[in-house]
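Chain by chain, the residues run as shown.
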Amino acid sequence: MELIRSVAEAQARSDALRAQGQRVAVVPTMGCLHAGHLSLVEVARRHADVVWLTIFVNPTQFGPGEDFERYPRTTEADLDACREAGVDAVFLPPVEEMYPAGAQTSVDVSDLTRPLCGKDRPGHFQGVTTVVTKLFLATKPTVAVFGEKDFQQLAVIRRMVRDLHFDVQVVGGAIARESDGVAMSSRNRLLDPATRREARVLSLALEAAERAVAAGERRHAALLHLVTLELEKAPHGQLDYAELRDPESLEPAPAELVAPTLLALAVRFEAGGGAVRLIDNRLLNPHPSPEAPPCS
Ligand code: PAF
């Protein structure tokens, strides 16, 4: 497995591979790899000849007071996991390589970044789109794979790729879950055992909403009420948001669900060392196949 630390080296390697007709897939990460990341590597493998993974804890997507310093860094274990998963190369740039002194340029997607996670994390998505642009320009991938747990991030990146004509196919990878249903996240390991148990409320709330929709519930307000009741069962959790939105535009869903709708959740847990914010989501489908939506 190759270890690449400079942008120039990454570009030269990718150019050489592409000149040989190889498709390069990249899985961008901030390290602290878990089975969810490795499932994205598998998705990448299905779309390309060569799989790269990037590890970079991007300072510009963390706001003041967020967990940049505390964010777990486990590089040696990450590199072992990459070797074992058959990753061909890891791009592991130092911060000065990604943000050269005096850098003044950023990339910003407007409307899609305002609701949900954007509301309480000003500048977060600008940090993400800026670094993903830099990672794309460094690794020059044919395909890039991002997890669907960060649903808004995926929607924002898809829009950026479309708006800026990046020649990169963006592929989403399904949310990987622990055996108790909690979505895999590097932040889970920041929770103490009690709050980790409470973290189940997110997936339980999603399941409750899904069951209600399957049983015929379509009312936006009733579904959110149900979800909130589930989330309130975590004494150390504080609800950041529980929202029903259009999965593409991220506009609020109508009063009655008529089309597949994103249910997105964020809960802040008070753990020993500070707040840990977990997110999760599910697409609620009021017209599950094979039934077609009724004609109007
Ligand atoms: O999802 C993440 O881990 C990060 O936001 C990403 C896409 C690697 C950008 O830093």
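The structure reproduced in this document is the subject of the present report. (Residues numbered from 1 in each chain as written. Predicted model: local features only at pLDDT ≥ 70, side-chain atom pairs only at ≥ 80, totals over all residues. Heavy atoms only, no water.)

**Structural notes on the packing of helix H6 (residues 124-139) against helix H7 (residues 151-163)**
The geometry of a pair of packed helices is captured by two quantities: the angle between their axes and the separation between those axes.
Stage number 1. Packing of H6 against H7 leaves a shortest axis separation of 11 Å and a crossing angle of 55°. With respect to H7, the element H6 is oriented oblique. Remark: the crossing between H6 and H7 carries right-handed chirality. Residues Phe125, Val128, Thr129, Val132, Thr133 and Phe136 of H6 form the contact with H7, whose participating residues are Gln152, Gln153, Val156, Ile157, Met160 and Val161.
Stage number 2. Split by residue class, the contact of H6 with H7 holds 8 nonpolar, 4 polar and no charged. (Axes fitted to C-alpha atoms, helices over the stretch in contact; angles between N-to-C directions. Helix = DSSP H or I, 4+ residues; strand = E, 2+ residues; numbered from the N terminus. Parallel < 35°, antiparallel > 145°, perpendicular 65-115°, else oblique. Left-handed = near helix turned anticlockwise from the far one by under 90°. Contact = heavy atoms within 4.5 Å. Nonpolar A, V, L, I, M, F, W, Y, C, P; charged D, E, K, R; others polar.)

**Things to note about the layout of surface pockets**
Stage number 1. Put simply, the second largest pocket is a space of about 250 Å³.
Stage number 2. The element contributing the most residues to the lining of the second largest pocket is H7, with 7 residues.
Stage number 3. In terms of residue class, the lining of the second largest pocket is built from 8 nonpolar, no polar and 5 charged. (1 Å grid on protein atoms, 1.4 Å probe; cavity = no way out; pocket = protein on both sides within 12 Å on 5 of 7 lines; lining within 4 Å. Points joined across faces, edges and corners; volume = space filled by probe spheres on them.)

**So, the sheet that holds strand S7 (residues 237-245)**
Across a sheet, paired strands are connected by hydrogen bonds in the backbone, their directions being either parallel or antiparallel.
Stage number 1. The strand order across the open sheet formed by 3 strands is S7-S8-S9, and the pairing between neighbours is antiparallel. Two strands bound the open sheet, and with one partner strand each, they are S7 and strand S9 (274-284). For this sheet the average axis-to-axis angle between neighbouring strands, irrespective of direction, equals 10°.
Stage number 2. Pairing of strand S8 (residues 261-271) with S9 involves 11 bridges; the strand directions are antiparallel. (Pairing = 2+ DSSP bridges.)

Function cannot be inferred from these measures alone, as they are strictly geometric.
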